[in-house]
Amino acid sequence: MSRLTRRTLLTGSMTSLALLHSTLPGLAQGGPPPEDAIDGFGGYDDDRLYRDEAGQLYRRRSGQYVPYSGRESYGRPVPGTERAPPPRQSADEAPPPKGAPVPKLGENRPIDDGPIDFARAYAGITDDAFPIQPFNWKKANPVFLRQEVSFNGRYEPGTIVVDPRAHHLFLVQSGGRARRYGVGVGKQGFSWSGNATINSKQAWPDWYPPKEMIARTPKLAREVSQLQSGLGVPGGTRNPLGARALYLWQGNKDTLFRIHGTLEPTSIGHSVSSGCIRMINQDVIDLYGRVGVGTKVVVIT
């Protein structure tokens, strides 16, 4: 997408939020925005309004799109018309400190600890930053669907263990149990094994394919655009990393491997990726809510 086209998309009040969303790591940490923030033209916060496909209005604040509840006039907010937020119930709900990161819409989803019901687990999601289509679990191999299983490994509870041969990812729990998910893994020549930790987590992340990957896949050159950190694909429903990504590091070095969602849920249970560990979007959202930065990840051979 050209800079001019992207500029045009960013200024239309009726533009779909899916075309506007951009994950901007670093902006949420405070400090002055980079000169090319958001749109490559020095834009940061502004007084325009943006509308998603459901009609919800948003304003751009601190590198994120946040809901707006007031009236609009020619694509701009009308001062004094925004509804006040509901009263706070306790001191525990105090507002975040100035400069604190603004959560993305749908990022902090409640965790479902009830019995796993496939119809509920794989239903469509409409209240996230982008809509997620339901997964047709009835046509999937049940061995690759989310479930609680016995686990007798030597790993501490909270550890993520990936078995590429079985195409399974386990989140180890106490009492000899684990939460198991089906995954897609690297095809021959792109597999990876070893120990790592989750260095960061991103909801609807941007994707920055390596130059070597773009060279191997010429059509990628038509899909990438200039983002904050280089050529990439902005977060959204057309991004190969899907709804969530967990970034794996060894010590102070990025392994360049991720645990992430996918645009191709039927690839789960196969070896088709370029080395990363892909999951059904509903499953990676479930995992994302259960693990934190610093979680140990073991990919066995």
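Residues numbered from 1 in each chain as written. Predicted model: local features only at pLDDT ≥ 70, side-chain atom pairs only at ≥ 80, totals over all residues. Heavy atoms only, no water.

Trainee: It is not clear to me how the side chain of Arg258 should be interpreted in this structure. Could you clarify?
Mentor: You can see Arg258 is positioned in strand 15 (residues 253-260). A relative accessible area of 13% places Arg258 in the buried class. Reaching out from Arg258, the side chain makes a polar contact with the side chain of Asp254 at a distance of 2.7 Å. With residues near it in sequence (within four places) discarded, Arg258 still touches Leu246, Tyr247, Leu248, Cys276 and Ile277. (Helix = DSSP H or I, 4+ residues; strand = E, 2+ residues; numbered from the N terminus. Buried < 20%, exposed > 50% of the residue type's maximum accessible area, 1.4 Å probe, protein only. Polar contact = N/O pair within 3.5 Å; in protein donor to acceptor, adjacent residues only side chain to side chain. Contact = heavy atoms within 4.5 Å.)

Trainee: Quick question: what am I supposed to make of the packing of aromatic side chains here?
Mentor: Where two aromatic rings form a pair, the distance of their centres and the angle of their planes describe that pair. Enumeration over the complete set of coordinates arrives at five aromatic pairs. Seen from their ring centres, Phe151 and Phe170 are 5.2 Å apart, and the 45° between their planes marks the pair as tilted. Remark: Phe170 occurs in strand 8 (residues 168-172) and Phe151 occurs in the loop between strand 6 (147-150) and strand 7 (160-163); sequence separation between them is 19 residues. One exposure class covers both Phe151 and Phe170, and it is buried. (Phe/Tyr/Trp six-rings, centres within 6.5 Å; stacked < 30°, edge-to-face > 60°.)

Trainee: What's the story with the environment of Val293 in this structure? I'm lost.
Mentor: Tracing the chain through its elements places Val293 in the loop between helix 5 (281-290) and strand 18 (296-299). For Val293, a relative accessible area of 57% gives the class exposed. Placed 93 residues apart in sequence, Val293 and Ser200 show a C-alpha to C-alpha distance of 5.6 Å. In contact with Val293, other than residues within four places in its own chain, are Ile198, Asn199, Ser200 and Lys201.

Trainee: Explain unusual backbone geometry here, please?
Mentor: As a rule of thumb, non-glycine residues mostly have phi less than zero, and peptide bonds are mostly trans rather than cis. The phi dihedral of His167 falls on the positive side, at around 60°, and the residue is not glycine. For His167, a relative accessible area of 11% puts it in the buried group. The backbone of Trp204 sits at a positive phi, close to 45°, despite the residue not being glycine. Here Trp204 is to be found in the loop between strand 11 (194-203) and helix 4 (211-216). With a relative accessible area of 3%, Trp204 lands in the buried category.

Trainee: What exactly am I supposed to notice about the sheet that holds strand 17 (residues 277-278) here?
Mentor: Strand pairing in a sheet relies on backbone hydrogen bonds, with the paired strands running either antiparallel or parallel. In spatial order, the strands read 6-9-8-7-18-11-14-15-17; together these nine strands make up an open sheet with mixed pairing. The open sheet has two edge strands with one neighbour each: strand 6 and strand 17. Two strands pair when backbone bridges link them, and strand 14 (residues 244-250) and strand 15 are joined in this way by six bridges, in the antiparallel orientation. Bridge pairing in strand 15 links Trp249 to Asp254. (Pairing = 2+ DSSP bridges.)

Trainee: Explain the sheet that holds strand 1 (residues 50-51) to me, please; I cannot follow it from the model alone.
Mentor: The antiparallel open sheet is built from three strands, whose spatial order is 1-2-3. On the outer flanks of this sheet lie strand 1 and strand 3 (64-68), each paired with one strand and no other.

Trainee: Looking at this structure, I do not really get the pattern of salt bridges. What am I missing?
Mentor: It is possible for side chains of opposite charge to pair when their charged atoms get near one another. This structure, assessed with the given rule, holds 13 salt bridges. Among the salt bridges present, the one from Arg146 reaches Asp283, with a minimum N-O distance of 2.8 Å. Of the two residues, Arg146 is situated in the loop between helix 3 (118-121) and strand 6 and Asp283 in helix 5; the sequence distance between them amounts to 137 residues. Note on Arg146: relative accessible area 6%, which makes it buried. Exposure remark for Asp283: the relative accessible area of 0% places this residue in the buried category. Of the charged contacts, one joins Arg146 and Asp286 as a salt bridge, the two residues approaching to 3.5 Å between their closest N and O atoms. Here Asp286 lies in helix 5 and Arg146 lies in the loop between helix 3 and strand 6, a separation of 140 residues in the sequence. (Salt bridge = Lys/Arg side-chain N within 4 Å of Asp/Glu carboxyl O.)

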